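Tertiary structure, described
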Amino acid sequence: MLTFALLACNPAADVEVPTVPAPPTLSAPVPTPVPTPSTPDPTPVDRRWDCAGLDPADPAPLGGRVALTFDDGPHAEVTPLVLETLRAHGIPATFFLLGTELEDPDIWPLVEEMVADPLFTIANHSWSHPQLTSLSETAMYEEIDDTTALLETFAPIDFFRFPYGLSDCPAVDGVRDRGLHVTGWHVDTVDWCYGADG
């Protein structure tokens, strides 16, 4: 049992302070054997910070600037409404378009309208929105190159966004080798997870 005593800051000399017996001596701990390190894998691991297609290369704060982007279009009914709203407020935006959505020549006047407006930029979001890193290198580059070729019939293309934001270093390097800037995002509206009825 421990007994505590409160003593004044300057106790009288004749006050006896109880002593506490020393704790019992413990035996020394038994060392845990350290495993012998195995031979490291000679294959280097590429851990570059810039390989994610999700995270933008420009970390916040962004000096009060916002880049508004839209993916997966153009859509014949929805995109004109978005363009109208953006124009009404003078808001610039970049549209990451899919090759499959551009196959129909009936949508081309809408793309031409977007390109003609200085508020808007079109960009590459792949041909069919697959998880590009799950494809062969040839198939992945076809997704990118075929879309770029079609988009460039409307305007020069500078930006690419990976579907789902999923990428790896070889994919990012391949996109950059094609002269495209990999574009991610800071805020996702998660509109893709809601049904058409909201």
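Conventions and cut-offs
Residues numbered from 1 in each chain as written. Predicted model: local features only at pLDDT ≥ 70, side-chain atom pairs only at ≥ 80, totals over all residues. Heavy atoms only, no water. Helix = DSSP H or I, 4+ residues; strand = E, 2+ residues; numbered from the N terminus. Expected span 1.5 Å × (residues − 1). Buried < 20%, exposed > 50% of the residue type's maximum accessible area, 1.4 Å probe, protein only. Arc of directions from axis to C-beta. Contact = heavy atoms within 4.5 Å. Axes fitted to C-alpha atoms, helices over the stretch in contact; angles between N-to-C directions. Parallel < 35°, antiparallel > 145°, perpendicular 65-115°, else oblique. Left-handed = near helix turned anticlockwise from the far one by under 90°. Nonpolar A, V, L, I, M, F, W, Y, C, P; charged D, E, K, R; others polar. Patch = residues over 30% accessible without salt bridge, like charges linked within 9 Å, V, L, I, M, F, W, Y side chains within 5 Å. Areas by Shrake-Rupley, 256 points an atom, 1.4 Å probe, with all protein chains shown as cover. Salt bridge = Lys/Arg side-chain N within 4 Å of Asp/Glu carboxyl O. Lys, Arg positive; Asp, Glu negative; His and termini not counted. Charge placed at Lys NZ, Arg CZ, Asp CG, Glu CD. Core = buried A, V, L, I, M, F, W, Y, C linked by side-chain atoms within 4.5 Å. Pairing = 2+ DSSP bridges. Right-handed = clockwise from strand over helix to strand, strands pointing away. Polar contact = N/O pair within 3.5 Å; in protein donor to acceptor, adjacent residues only side chain to side chain.

With 12 residues, helix α1 (residues 78–89) ought to run about 16 Å at 1.5 Å a step, and its terminal C-alpha atoms sit 17 Å apart, in line with that. When α1 is considered as a whole, its buried residues turn out to be T79, L83 and L86. One side of α1 carries all its buried residues, which in axial view fall inside an arc of 70°. Away from the buried face of α1 by more than 90 degrees, exposed residues L81, E84, A88 and H89 are located. Structurally, α1 contributes buried residues whose contacts are with β1 (68–73), β2 (93–97), α3 (108–116) and β3 (120–124). Looking at the residues trailing α1, positive phi occurs at G90, about 65°.

Turning our attention to the packing of α1 against α3. Their axes nearest at 11 Å, the elements α1 and α3 cross at an angle of 15°. The angle between the axes of α1 and α3 places the two elements in the roughly parallel class. With respect to the hand of their crossing, α1 and α3 are arranged in left-handed fashion. Contact residues: T79, P80, L83 and R87 in α1; L110, E113 and M114 in α3. Partitioning the contact of α1 with α3 into residue classes produces four nonpolar, one polar and two charged.

Glancing now at the environment of A93. Looking at the element boundaries, A93 is found in strand β2. For the pair A93 and L68, spaced 25 residues apart in the sequence, the C-alpha separation amounts to 4.9 Å.

Glancing now at helix α5 (residues 169–177). Of all the positions in α5, only C169, A171, V172, G174 and V175 are classed as buried. Looking at the buried side of α5, the elements it contacts are α4 (137–151), β4 (159–160) and β5 (181–182). At the exit of α5 stands G179, carrying a positive phi of roughly 80°.

Take a negative patch on the surface next. There is a patch of like negative charges on the surface, built from D72, E101, E103, D104 and D106. Among the secondary structure elements, E101 is positioned in helix α2 (residues 99–102).

Here we come to the pattern of salt bridges. Tallying each qualifying case throughout the model produces four salt bridges. Across the salt bridge formed by D71 and R161, the nearest N and O atoms sit 2.7 Å from each other. In this pair, D71 is assigned in strand β1 and R161 in the loop between β4 and α5, connecting sequence segments 90 residues apart. For R161, a relative accessible area of 2% gives the class buried.

In this structure, F95, L97, I122, I144 and F162 are the most contacted members of the largest nonpolar core, which totals 28 residues. Sorting the residues of this core by element identifies α1, β2, α3, β3, α4 and α5 as the ones contributing at least two each. Top element by residues in this core is α4. It accounts for five residues. Setting aside residues no more than four positions away along its own chain, F95 makes contact with F70, T79, V82, L83, L86, M114, F120, T121, I122 and A123.

With five bridges connecting them, β1 and β2 associate as parallel partners. Bridging from a neighbouring strand, G73 pairs with L97 of β2. The β-α-β motif built from β1, the intervening α1 and the parallel element β2 has right-handed crossover chirality.

Time to look at the side chain of T147. Inspection of the secondary structure assignment puts T147 in helix α4. Within the structure, T147 has its side chain in polar contact with the backbone oxygen of E143 (distance 2.8 Å). Excluding anything up to four places from it in sequence, T147 contacts L97, G99, N124, S126, W127 and E142.

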